[in-house]
Amino acid sequence: MQWYGFLVVLPFLVGYLLGSIPFGLLLTRAAGLGDIRSIGSGNIGATNVLRTGHKGLAAATLLLDALKGLAAVLICGVLGPLTAIAAALGAVLGHMFPVWLSFKGGKGMATALGVMWGLSWPVGAIACAAWLLLAALFRYSSLATLFSIVVGAIAAWFLVDWQIALAITALVPLVWIRHHANIRRLLDGNEPRIGQSKTSANPAV
């Protein structure tokens, strides 16, 4: 029983610590843009970094946030699927609730995509393709996120074993809960489109 707990707790902590690295905040500060949390939505993720007008920084944030999730799964997954799953959940929660930022982090989609690639690259590829398609069609990052994570979870049940599919499915409510404000704005018609500032979308928001 102690060994079983070790296989869960340690990789979860490794994943959490990797996931809690706030790349969006670090990159924007290094670029002399100040605290990204004072811009736009106040989020540390790539979508908010894009609101600074620096597409390269936004792309780097997206890539690094995904890579930290992928790295957590690959590093811990050498011990088996259970440790990979624990690290995956830890990485996503670490990004959402980083200890370094008083547990106020990002919304988790880039890191979720990274862990999906680590757990099953076909599932990760399907989720990424769904996001790109929906973002191109509707120009809403949040809408693309909400539905692509569901597409990834559905795909997992057809492509991988039930344990990994269950772990990927568990990401869905986490990501949706973190997007509660976006869901409300989508319903109200106030959600900014990709590349559009929150103030230009709705001055009152």
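Above this text you will find the structure in question.
Because the structure is a prediction, the values reported are computed rather than measured.

Things to note about the pattern of salt bridges
Logical step 1: Scanning all chains against the criterion turns up four salt bridges.
Logical step 2: Arginine 29 is paired through a salt bridge with aspartate 35; the nearest N and O atoms lie 3.5 Å apart.
Logical step 3: Here glutamate 191 ties to arginine 185 by a salt bridge, and the two come within 2.8 Å at their closest N and O atoms.
Logical step 4: A single network of salt bridges, built from pairs that share partners, joins Arg29, Asp35 and Arg37.

Notes on the side chain of threonine 83
Logical step 1: Looking at where threonine 83 falls in the secondary structure, it is placed in helix H5 (residues 81–96).
Logical step 2: Not counting chain neighbours up to four residues away, the residues in contact with threonine 83 comprise Leu7, Pro11, Cys76 and Gly77.

As for the nonpolar core
Nonpolar side chains in soluble globular proteins tend to be buried together.
Logical step 1: In this structure, Val115, Met116, Leu119, Ile149, Ile168 and Leu171 are the most contacted members of the largest nonpolar core, which totals 29 residues.
Logical step 2: For isoleucine 149, the residues in contact, after removing those within four places along its chain, are Met109, Ala112, Met116, Leu171, Val172, Val175 and Trp176.
Logical step 3: Residues Leu25, Ile36, Ala58 and Leu101 belong to the second largest nonpolar core, which totals seven residues.

As for a nonpolar patch on the surface
Logical step 1: Where nonpolar side chains cluster on the molecular surface, the patch consists of Ile126, Val151, Ile154, Trp157, Phe158, Leu159, Trp162 and Leu166 and spans about 850 Å² of accessible area.
Logical step 2: With five residues, helix H8 (residues 141–159) is the single largest residue contributor to the nonpolar patch.
Logical step 3: The topology assignment puts valine 151 in helix H8.

Focus: helix H6 (residues 109–119)
Logical step 1: Counting buried residues along H6, nine of its 11 residues qualify, which places the element largely inside the surrounding structure.
Logical step 2: Of all the residues in H6, the buried ones are Met109, Ala110, Thr111, Ala112, Leu113, Gly114, Val115, Met116 and Leu119.

Observations concerning the packing of helix H4 (residues 55–76) against H6
Logical step 1: Interaxial distance between H4 and H6 falls to 7 Å at its minimum, and their mutual angle equals 40 degrees. Considered as vectors, H4 and H6 are oriented oblique to each other. Here H4 runs over H6; the crossing is right-handed. Contacts from Leu62, Asp65, Ala66, Lys68, Gly69, Leu70, Val73 and Leu74 in H4 reach Ala110, Thr111, Gly114, Val115, Trp117, Gly118 and Leu119 in H6.
Logical step 2: Across the contact of H4 with H6, the residue classes break down as nine nonpolar, four polar and two charged.

Quick notes on the packing of H4 against H5
Logical step 1: Here H4 crosses H5 at 155 degrees, and the two axes come no closer than 7 Å. If you check the angle between H4 and H5, you find them roughly antiparallel. The crossing of H4 and H5 is right-handed. Facing H4, whose interface residues are Asp65, Lys68, Gly69, Ala72, Val73 and Cys76, H5 presents Thr83, Ala84, Ala87, Ala88, Ala91 and His95.
Logical step 2: Residue composition of the contact of H4 with H5, by class: seven nonpolar, three polar and two charged.

Thresholds applied
Residues numbered from 1 in each chain as written. Predicted model: local features only at pLDDT ≥ 70, side-chain atom pairs only at ≥ 80, totals over all residues. Heavy atoms only, no water. Salt bridge = Lys/Arg side-chain N within 4 Å of Asp/Glu carboxyl O. Helix = DSSP H or I, 4+ residues; strand = E, 2+ residues; numbered from the N terminus. Contact = heavy atoms within 4.5 Å. Core = buried A, V, L, I, M, F, W, Y, C linked by side-chain atoms within 4.5 Å. Buried < 20%, exposed > 50% of the residue type's maximum accessible area, 1.4 Å probe, protein only. Patch = residues over 30% accessible without salt bridge, like charges linked within 9 Å, V, L, I, M, F, W, Y side chains within 5 Å. Areas by Shrake-Rupley, 256 points an atom, 1.4 Å probe, with all protein chains shown as cover. Axes fitted to C-alpha atoms, helices over the stretch in contact; angles between N-to-C directions. Parallel < 35°, antiparallel > 145°, perpendicular 65-115°, else oblique. Left-handed = near helix turned anticlockwise from the far one by under 90°. Nonpolar A, V, L, I, M, F, W, Y, C, P; charged D, E, K, R; others polar.

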